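The chain contents come next:
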Amino acid sequence: MTDATFPPAAEAEARPVRFRGGGFRPSSPRWVGALVFVVLIAFLEWGTRAGFISNLTMPRPSDVFATLVDLARSGMLWTHLVPSLTRLLVGGAIGAFVGIAVGVMIGLFSVVRAGLVPLVAALFPIPKIALLPLFVIWFGIDEASKYALIAFGTFTPTVVATYGAVDNVDRTLIRMGQSFSLSWSTIVLRIVLPGAMPGILSGLRVSLAIAIILLVAAEMLGAEYGIGAYILQAGSLYDLERLFAGVAILSLLGVLMSGTIGVIEKRLLGWRA
Amino acid sequence: MDLRLESISHRYDDVEVLRDISLDIPAGRIVCIVGPSGCGKSTLLRFIGGLERPTEGQVVQIGAPPADSINPLTYVFQDFALLPWRSVEGNISLILSDHGIRGRKAESIIADVLARTKLSEFRKAWPRQLSGGMKQRVAIARALAVNPAVLLMDEPLSALDSQTRELLMDDLIALWTRQPFTAVYVTHNLAEAVRLGHRIVVLSRRPGAVNEIVEIDMPLADRDLANPELDAKQKHLWHLMRAEAEAADKELVHD
């Protein structure tokens, strides 16, 4: 006597089991992204040339490109780009650095957490651009007020991302550090910080995009040179070619920034692979 | 160096976890702690190594640890606790360099422990590239690198599949036979306990208290899978624990 109790399925029809898995795993082949840009620009170019998109509603992409080339030739590109990049780098670096430092402190010390989390929550939703007049009074009309604005705007999202990332560091790794009697500073520098790095970097992506937005806003409110000032001038003259040239520079800046963080992620987070 | 647990009791808020546990951990022996899930055996292990403090009672060291012991009480964790951003040797060198051991001396220690755990070819590998069994061997190598007076192992084989567990158990026995070490080994697996333990402490379910202490005198190297004496011991342990485990299984979790 065996355990088998089911009668053999003798004459029943045999058919393959229907496949129901797969999907839900988007990948991103590089060329598709580029293709979307090319198709969109080609469509606009064709539309403006064929005439069913009026020159008043949309500038011709080739004209925008020509404007960009002119801008580069005349040297005005650098006159606008250099102050903008300086503001972005100085302001963004201050904001990100202080943000990471404060975020780590919130993640490590109860008193700091209890004191600063509500404060950060109160500061986060303030539209920072509304504070520009205040910053002008505090730091003067020059560069310092723009640095402060950009730094402040980058600071809050960086803090939130950083302490969230520190909270998510695997506690068993910290216990491990303690069980080997590692010093406090080694635990923070070699266990907590690397563990929080993925979260910090993805937070930086958001904060630096915010930094670009604030840069333009600050330059629109008061700057002689800078991409924001350039766009504002073009906009008030309804010079769409120059307006789009300025916007294209900003887009490129954003892509470049995101690419830079991508490179940093590859180098620092190679262990994730 | 011996360890002695002096009437340790512990409670979280109003839940009593451990009750009046006294125990001797003699040098050169492996003490296994078994018990139904939730009986506080892992908590007890954290008390022994000073990672947590009991509400009452204390753990005392008797005698000084050997002079060359860098970290006398060293843990091996169930989930390995390897830093994923450091290579195999990086995980070991971090600990050594924090204790002031760098360069040639660190180099020779790392080479030695990797050889003892059969990991020499995997020095540069990342933890993510290793199987569970290899990860635990790295964790064991890291623990050996600090030359512990007592190894505190918290279910070190529980995250592994049964074949890997068998292999690693053999490795542990080989390591001990070559150079006996003191260990406290927490497990819920009775087969592991009778293979590795010189002394097996059976805890009752919560609040955990010492139910019985079983001594096994047979040398570790002679204990194979089909040994009738070990089988009898294992049956005896299961007999002690069965009702407790059943009752523990039906308890609600208070966390």
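Computed from a predicted model, the values in this text were never measured in an experiment.

Asker: Where do I start with the side chain of Thr 48 of chain A in this structure?
Answerer: As for its placement among the helices and strands, Thr 48 of chain A is situated in helix α1 (residues 30–50). Once residues within four sequence positions are removed from consideration, Thr 48 of chain A is found in contact with Ile 53, Asn 55, Met 58, Pro 59, Arg 60 and Pro 61 of chain A.

Asker: Please clarify how the domain arrangement of chain B should be interpreted in this entry.
Answerer: How big an interface is tends to be stated in terms of the accessible area lost upon association of its parts. Residue and element names in this part refer to chain B. Domain boundaries in chain B define domain 1 (2–65 + 150–254) and domain 2 (83–148). Each of domain 1 and domain 2 was reduced to a C-alpha centroid, and the two centroids are 26 Å apart. Our count for the domain 1 to domain 2 interface comes out at two salt bridges. Between Asp 171 and Arg 137 there is a salt bridge; the shortest N-O distance is 3.9 Å. Counting the contacts that link domain 1 with domain 2 gives three residue pairs in polar contact (both at pLDDT 80 or more). Here the element with the most residues in the side of domain 1 that touches domain 2 is helix α5 (residues 162–178); it accounts for six residues. Here the residues of the side of domain 1 that touches domain 2 sort into seven nonpolar, two polar and two charged.

Asker: Looking at this structure, how should I read the UniProt feature "domain: ABC transmembrane type-1" (unreviewed entry) in chain A?
Answerer: In the numbering used here, UniProt assigns the feature "domain: ABC transmembrane type-1" (unreviewed entry) to residues 81–265 of chain A. The distance separating the terminal C-alpha atoms of residues 81–265 of chain A is 26 Å; by composition the span is 85% helix and 0% strand.

Asker: Could you clarify how one ought to interpret the pattern of salt bridges in this entry?
Answerer: All names here are of chain B. All told, the structure shown has 22 salt bridges over all chains when counted by the stated rule. The closest approach of N and O atoms between Lys 124 and Glu 89, which form a salt bridge, is 2.7 Å. Placement of Lys 124 in the loop between α3 (103–116) and α4 (132–145) and of Glu 89 in helix α2 (residues 88–98) is noted, with a sequence separation of 35 residues between them. With a relative accessible area of 63%, Lys 124 lands in the exposed category. Take Glu 89: its relative accessible area is 15%, and that puts it in the buried class.

Asker: Would you take a moment to explain α4 of chain B for this structure?
Answerer: For an α-helix the count is 3.6 residues per turn, leaving residues at separations of three or four pointing the same way. Here α4 of chain B is 14 residues long and its end C-alpha atoms lie 20 Å apart, about the 20 Å a rise of 1.5 Å per residue gives. Of the residues making up α4 of chain B, those classed as buried are Gly 133, Met 134, Gln 136, Arg 137, Val 138, Ala 139, Ile 140, Ala 141, Arg 142, Ala 143, Leu 144 and Ala 145 of chain B. The inward-facing, buried residues of α4 of chain B contact α7 (171–179) of chain A together with β5 (73–76), α2, α3, β6 (150–154) and α5 of chain B. Positive phi appears at Asn 147 of chain B, one or two residues downstream of α4 of chain B, with a value of about 50°.

Asker: Could you clarify how one ought to interpret the UniProt feature "transmembrane region" (unreviewed entry) in chain A in this entry?
Answerer: All names here are of chain A. Feature annotation in UniProt assigns "transmembrane region" (unreviewed entry) to the following positions: residues 31–52, 88–112, 119–141, 147–166, 187–204, 210–231 and 243–264. Summarising residues 31–52: 91% helix, 0% strand, and an end-to-end C-alpha distance of 29 Å. Helix makes up 100% of residues 243–264 and strand 0%, with an end-to-end C-alpha separation of 32 Å.

Asker: Where do I start with the nonpolar core in this structure?
Answerer: One broad rule of soluble globular proteins: the nonpolar side chains tend to lie buried together. Counting 80 residues, the largest nonpolar core has Met 176 of chain A together with Leu 5, Leu 44, Ile 48, Val 150, Leu 152 and Val 184 of chain B as its most contacted members. Ranked by residue count, the leading element in this core is helix α8 (residues 184–221) of chain A, at 14 residues. Residues lining this core come from more than one domain, with at least three contributed by each of domain 1 (2–65 + 150–254) and domain 2 (83–148) of chain B. Not counting chain neighbours up to four residues away, the residues in contact with Leu 44 of chain B comprise Leu 5, Ile 8, Leu 18, Ile 21, Ile 33 and Leu 203 of chain B. If you look at the next biggest cluster of nonpolar residues, it comprises 53 residues, including Cys 32, Leu 157, Ala 193 and Leu 220 of chain B.

Asker: Would you mind showing me how to read helix α2 (residues 61–74) of chain A here?
Answerer: Residue and element names in this part refer to chain A. For α2, with 14 residues, the first-to-last C-alpha span of 20 Å sits near the 20 Å given by 1.5 Å per residue. Its buried side turned inward, α2 meets α1, α3 (76–108), α9 (227–236) and α10 (240–268). Immediately beyond the C-terminal end of α2, within one or two residues, lies Gly 75, with a positive phi of roughly 85°.

Thresholds applied
Residues numbered from 1 in each chain as written. Chains lettered and ligands numbered in written order. Predicted model: local features only at pLDDT ≥ 70, side-chain atom pairs only at ≥ 80, totals over all residues. Heavy atoms only, no water. Helix = DSSP H or I, 4+ residues; strand = E, 2+ residues; numbered from the N terminus. Contact = heavy atoms within 4.5 Å. Domains from an automatic or database assignment. Salt bridge = Lys/Arg side-chain N within 4 Å of Asp/Glu carboxyl O. Polar contact = N/O pair within 3.5 Å; in protein donor to acceptor, adjacent residues only side chain to side chain. Nonpolar A, V, L, I, M, F, W, Y, C, P; charged D, E, K, R; others polar. UniProt positions renumbered as here; feature names shortened; annotations may be inferred. Buried < 20%, exposed > 50% of the residue type's maximum accessible area, 1.4 Å probe, protein only. Expected span 1.5 Å × (residues − 1). Core = buried A, V, L, I, M, F, W, Y, C linked by side-chain atoms within 4.5 Å.

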